[in-house]
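So the chains spell out like this:
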Amino acid sequence: MKTRTLGNSTLNISEISLGCMSLPPIETEVKQVIDTAIDAGITYFDTADLYDRGENEKVVGQALKEHRHNILLATKVGNRWEDGKDGWGWDTSAQYINEAVRISLKRLQTDYIDVYQLHGGTTEDNWEEIIDTFEGLKKEGLIRAYGISSIRPNVFLPFLQTSTAISNMMQFNIFDERAEEYFEAIQQAGASVVTRGTVAKGLLTNDWRERLKSFMSYDEAQAKELLEKIEALYGDVHAAALAFNLNNEAVASTVIGARTKQQLLQNLAAYEKAQTLGDISQLANFTRQDRYTDHR
């Protein structure tokens, strides 16, 4: 497994990282997936306090406990569950972030978080307070670095440009290249992109015929046409999807989700195949051309 440096930091993370959101709330099953990931060289694990009301952090922390000093752990803050309600609110006050990070540390069974991410953001947020709070957590040694998870340029660009944040997690895949417009600005701010949604909910895998449906601005027929092009050109849609994301130097890692060991192994096999695809510029070229057809 190759690694890349995350932004202007000294943190080197695996090109494939494990998104833990879809892991089951069963410790034995989570351990099996995470042990398989570590054996394959995955070093970056991403969760959030929002997932399963914090239970995801607990099972991930338990599974990673024995590997803690060999991996990098990322979690998120900002979405606050409200007692007695089904949903959650948004809270980026210094008081809440300082409370939330300590709760996350306890759940994760660790003394520090490698990358603490703001889980979204609005233009109304008090960015000076948020940044000061994150910087304070760094000084305390509770976090090593911080970032954001946002697809809104009017949110993530000001945040990155006025802080020492090192990452932005955002959706990016063959069907949804909108984020690419901001990659250069993100790099100039000293940060890297960590991509999510890489396989478009399974559509960008070799089982795409079973999953075929409209996605983003592509209707089913248009999605089928593009997938057939990819398959004809590279022979492996899943591998091509991973190679497409990792072909961009702004991307430090692409997050893949896996609920089971088998799903993880499929992603790892696709990553290995992606190393053999060679020049994928032709893929980038024809998806770019397709972007400007009438349906886009």
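Residues numbered from 1 in each chain as written. Predicted model: local features only at pLDDT ≥ 70, side-chain atom pairs only at ≥ 80, totals over all residues. Heavy atoms only, no water.

Caption draft 1: Spatial organisation of the layout of surface pockets. Taken as a whole, the largest pocket encloses approximately 1200 Å³ of empty space. Every residue lining the largest pocket is counted, 45 residues in all, and those nearest its centre are M21, G197, V199, I256 and G257. For the lining of the largest pocket, the elements supplying multiple residues, two or more each, are strand 10 (167-171), strand 12 (251-257) and helix 10 (261-274). Considering only enclosed or pocket space, the second largest pocket measures out at about 310 Å³ in volume. Lining the second largest pocket are 13 residues, and of these R80, W81, Y96, I103 and R107 sit closest to its centre. (1 Å grid on protein atoms, 1.4 Å probe; cavity = no way out; pocket = protein on both sides within 12 Å on 5 of 7 lines; lining within 4 Å. Points joined across faces, edges and corners; volume = space filled by probe spheres on them. Helix = DSSP H or I, 4+ residues; strand = E, 2+ residues; numbered from the N terminus.)

Caption draft 2: Up close: helix 5 (residues 153-161). Taken as a whole, helix 5 has its buried residues at V155, F156, L157, F159 and L160. Summarising the contacts, the buried residues of helix 5 are in contact with helix 4 (127-140), strand 9 (143-149), strand 10 and helix 6 (183-188). (Buried < 20%, exposed > 50% of the residue type's maximum accessible area, 1.4 Å probe, protein only. Contact = heavy atoms within 4.5 Å.)

Caption draft 3: Spotlight on the sheet that holds strand 8 (residues 113-118). Taken in spatial order, the eight strands of this closed barrel run 3-4-5-8-9-10-11-12, and their pairing is parallel. With strand direction ignored, the average angle separating the axes of adjacent strands in the sheet is 30 degrees. Seen against the sheet, helix 5 touches strand 9 and strand 10 and runs at an angle of roughly 155 degrees to strand 9. (Pairing = 2+ DSSP bridges. Axes fitted to C-alpha atoms, helices over the stretch in contact; angles between N-to-C directions.)

Caption draft 4: Just the pattern of salt bridges, in detail. Taken as a whole, this structure holds 15 salt bridges when the rule is applied. Here R4 ties to E15 by a salt bridge, and the two come within 2.8 Å at their closest N and O atoms. Of the two residues, R4 sits in strand 1 (residues 3-5) while E15 sits in the loop between strand 2 (12-14) and strand 3 (16-19), which places them 11 residues apart along the sequence. Taking the shortest distance from any N to any O, the salt bridge between K31 and D35 comes out at 3.0 Å. Residue K31 and its partner D35 are both found in helix 1 (residues 27-39); the two are separated by four residues, about one turn of the helix. Here the salt bridges share partners, and the residues they tie into one network are K31, D35 and E66. (Salt bridge = Lys/Arg side-chain N within 4 Å of Asp/Glu carboxyl O.)

The values are spatial; any link to function lies outside them.
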